[in-house]
Structures are given as structure tokens and as C-alpha cells.
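Descriptive structure summary
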Amino acid sequence: MEEFHKVRRLPPYVFEQVNRLKASARAGGADIIDLGMGNPDLPTPQAIVDKLCEVVQDPRTHRYSSSKGIPGLRRAQAAYYARRFNVKLNPDTQVVATLGSKEGFANMAQAITAPGDVILCPNPTYPIHAFGFLMTGGVIRSIPVEPDETFFPPLERAVRHSIPKPLALIINYPSNPTAKVASLDFYKDVIAFAKKHDLIVLSDLAYSEIYFDDTPPPSVLEVPGAMDVAVEFTSMSKTFSMPGWRMGFAVGNERLIAALARVKSYLDYGAFTPIQVAATHALNGDGSDIAEVRSVYKRRRDVMVDTFGKAGFEVPPPAATMFAWAKIPEKFRALGSLEFSKLLVEKADVAVAPGIGFGEMGDEYVRLALVENEHRIRQAARNIKKFLSTADETMHNVIPLNAHR
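This one's a predicted model, so the numbers in the text were calculated from it and none came from an experiment.

**Examining the packing of helix α12 (residues 337-348) against helix α13 (residues 374-394)**
Close contact between α12 and α13 brings their axes to 10 Å; oriented N to C, the two are set at 105 degrees. It follows that α12 is roughly perpendicular to α13 by the angle criterion. From α12, F340, L343, L344, K347 and A348 reach across to α13, where they touch N383, I384 and F387. A class-by-class count of the residues in the contact of α12 with α13 yields 6 nonpolar, 1 polar and 1 charged.

Okay, here's the thing in C-alpha cells:
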């Protein structure tokens, strides 16, 4: 039977091929070290769990909740932005709680996009940035990822040659998957560009608190006048190790936030109230939980960079996020990221995310998630070292190792 229209607009979900191979290997008894999906393994801090358990005992909290978020939660998010970014938000008109940043992004696309609207989207990038707009009938025009002077000339060309004129510009820093971090000066140029060309700016700041140097990543809303054109999405999934709780936020321009809130009001009643209360408790905390999560990921990053490098698989140290973005070893680069990822599962018992899943510009890379402990990361490096050191002898009939790009 013919696929439905919106389903046809979605490209193949390449991660599923690696997931099937991974499941098959595990069914056969293999111990797969999974560095693929960015699914945090750290437990949610106990104080947050305790608050959930306390509130859930009150049957009044079992009723329908608020789609845009309970008032206390929106106030807590506004207070977080004031502390962290020195950005003042009106919790009633400039903050909406979402079921994770992914849902917020998808429903913002529903709220603002007409069929044929052009969206400027980084490539490679987190899939929902493009897929959310594709499902609403939008058209994606790829732009660079590097947050530097090379970003704007291609962006100018994209605006000049797009018909109709682009509606929105998506930015994502710290970047998933590339881990690139933007400066406030870069954001100033982005906002100036958006105002010059009458663009909406949608900023994904899900990894604002997972950084490894002394300079916390900024918010685009710190730029004077950004509130005129921008909305920013954040998430509690990584910051507080709450991925399954599905709690995030959209903040910024009142008109855009109102549009998102209206769409959401037709689609959901918001997260379970005890989850919202527990999230409020987390946001109002002293920040020690966030610091501990950050330190764990930093230790894992350092172990991965060191051990993988010694194994012959160079991994540049990411400045932020819970991911590393590494170029496929040259010998295997002609295969592309999907086939290389399959090989790692089959020959090294290690799962990674193929870069092609984040856009065609990612096909020479794989994404490595810091979601296994240091011991397991070291084991993954040993497995990969063994695979790489024996590939010439064991795989000469499997892949053309001399066929470089």
C-alpha cells in the first residue's frame, strides 16, 4: 500500500538499521557497548525523585494538568534564565513548558509553518530540526554548522536564492551532533542577520549546562533585541538526568510562544503535575546536581579521547554536550558512516550513531555518546583497537580498504 503523505516526506530512519543489528547481536549473546543513542545513564538526583514521590501522594495532582505548564514551573524557568543568562522573562507570556525540547520544536513547526515555507537548517543537525518542518510541509535549505565567519556567506546565498523567502533560521549550540559552541558575538551577528532579512530564529540550547571549560555557553536571548525575533528551547533531560520525564521549555518572543501554546492546547494537557512540581524543585535548587553531572561527563570525555586515540581512532575533545563527533578512520571513510557503524557492531561490539543520520554532510563522521561508564569506554577502545589492527587481514574480502575517496 502507498505510504501516507507525511510519512513519505520523511527520509529513512538510518539509526534503525544500527539498532536492529545491535538487538540481533545482543540476542546472540554479544555484550554491546552502546555509545549510539544519547540516552543518559545517570540516575535522576534523589531529591527530585523524592519530590515526585511526595507530590504523587496527593490525588488532586492526578487530574489534568496545564498544557503550558503550571505557574510555579514557568516562574522557576524564568528565574533560571535570570540567574544563568541575565535574561528577564515574563513567565505568563514568554515561557511554555514542553514535553521535552523535541516536542516543543515539532509543535513550533506546526504552529508557524505553511506548506512550502523555507526553513534554514544546519547540516548536520539533530533530526527533529529538519523533520519537524518536513512533516508540516516545509522545505529545508541546508546551511553550515561552524559558528564563525564562514557561517554567514552561505547563509546570505541561501536567503538570496530561496523562493519564497525563508521563514526561519535554526541554530543549535552547543551542537548535537558536532559539539560546536557559539559565542555571544556570533549570536549578535545572527540576530542582526535575522532582523535584516525578517527571519524567525529558533535556538536549541538543550546542552547549555554540559560544558567542560570555564566559559558557560551563552543564550541567544542575551543579545539586545533578540526577544523580537527569537525563541529558545531547553531541556531537563541532560541537565538533570531526566530524559524519561519529558520536561523541557520554549522561551522568548511572545507572539511565537503564544502560537506554540495555542497549538499545544489542542494536543496535550501537559506533563503529569507531580513531574512538573519535581521539575520546579530541580530548577530552584542550588546547582550542585548540575555540577556533578557535568563532572561525570568530563571524566568520560577525557577517558574516551585518550583511549580511543591510543587505539587508532582519533576523537577530538568536545568543548560541550555529552557527545564526541569523530571522523571515520581514513581506511574506512569510503564506506560511509552507516556501513562503518554496522562494522563496529559486528566486529568490535561497539554501537555508535552514523553521521549520515544527522544529514548528508555528516557522512564522514560518527557520533559517540558519553553514556557508558569509564570502564566500559576503555573496553570499547580495546575492542576497536583490536578491530582496527586486524582489519587488513580479516576484512580484505569484505570491504575495499584501498578505495579511498
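**Digging into the UniProt feature "domain: Aminotransferase class I/classII large" (unreviewed entry) in the protein**
In the UniProt entry, the feature "domain: Aminotransferase class I/classII large" (unreviewed entry) is given for residues 31-382. Along residues 31-382 the backbone is 39% helical and 14% strand, and the end-to-end C-alpha distance reaches 14 Å.

**Considerations on the pairing of strand β6 (residues 200-204)**
Across the 5 residues of β6, 5 count as buried, placing the element largely inside the fold. Every second residue of β6 is oriented toward a common face, with I200, L202 and D204 on one face and V201 and S203 on the other, all of them buried. In the sheet, strand β5 (residues 168-172) pairs with β6 via 5 bridges, with the strands oriented parallel. When the bridges of β6 are listed, A168 appears paired with I200. In the classification by handedness, the crossover that spans β5, the intervening helix α8 (residues 184-196) and the parallel β6 is right-handed. Here β6 pairs with strand β7 (residues 230-235) via 4 bridges, running parallel. Directly across from L202, in β7, lies its bridge partner V231.

**Brief notes about the sheet that holds strand β11 (residues 353-354)**
Note on sheets: strands pair through backbone hydrogen bonds, and any given pair is parallel or antiparallel. Strand order in the open sheet formed by 3 strands is β9-β12-β11, with antiparallel pairing between adjacent strands. Here the strands that pair on one side only, and so sit at the sheet edges, are β9 (323-327) and β11. Strand direction decides the pairing type here: β11 and strand β12 (residues 365-369), joined by 2 bridges, are antiparallel. Bridge pairing in β12 links A353 to R367.

**Notes on the environment of R262**
Along the chain, R262 falls in helix α9 (residues 254-267). Along the primary structure R262 and G252 are separated by 10 residues, whereas in three dimensions their C-alpha atoms are 15 Å apart.

**Quick word on unusual backbone geometry**
Along the chain, Y173 connects to P174 via a cis peptide bond; the corresponding omega equals -10 degrees. Within the fold, P174 resides in the loop between β5 and α8. The linkage connecting N176 with the following residue, P177, adopts the cis geometry, with an omega of 25 degrees. Examined against the element boundaries, P177 turns out to sit in the loop between β5 and α8. Even without a glycine there, the phi angle at S241 is positive, about 50 degrees. Structurally, the position occupied by S241 is in the loop between β7 and β8 (248-252). The exposure class assigned to S241 is buried, which follows from its relative accessible area of 2%.

The rules behind these values
- Residues numbered from 1 in each chain as written.
- Predicted model: local features only at pLDDT ≥ 70, side-chain atom pairs only at ≥ 80, totals over all residues.
- Heavy atoms only, no water.
- Axes fitted to C-alpha atoms, helices over the stretch in contact; angles between N-to-C directions.
- Helix = DSSP H or I, 4+ residues; strand = E, 2+ residues; numbered from the N terminus.
- Parallel < 35°, antiparallel > 145°, perpendicular 65-115°, else oblique.
- Contact = heavy atoms within 4.5 Å.
- Nonpolar A, V, L, I, M, F, W, Y, C, P; charged D, E, K, R; others polar.
- UniProt positions renumbered as here; feature names shortened; annotations may be inferred.
- Buried < 20%, exposed > 50% of the residue type's maximum accessible area, 1.4 Å probe, protein only.
- Pairing = 2+ DSSP bridges.
- Right-handed = clockwise from strand over helix to strand, strands pointing away.

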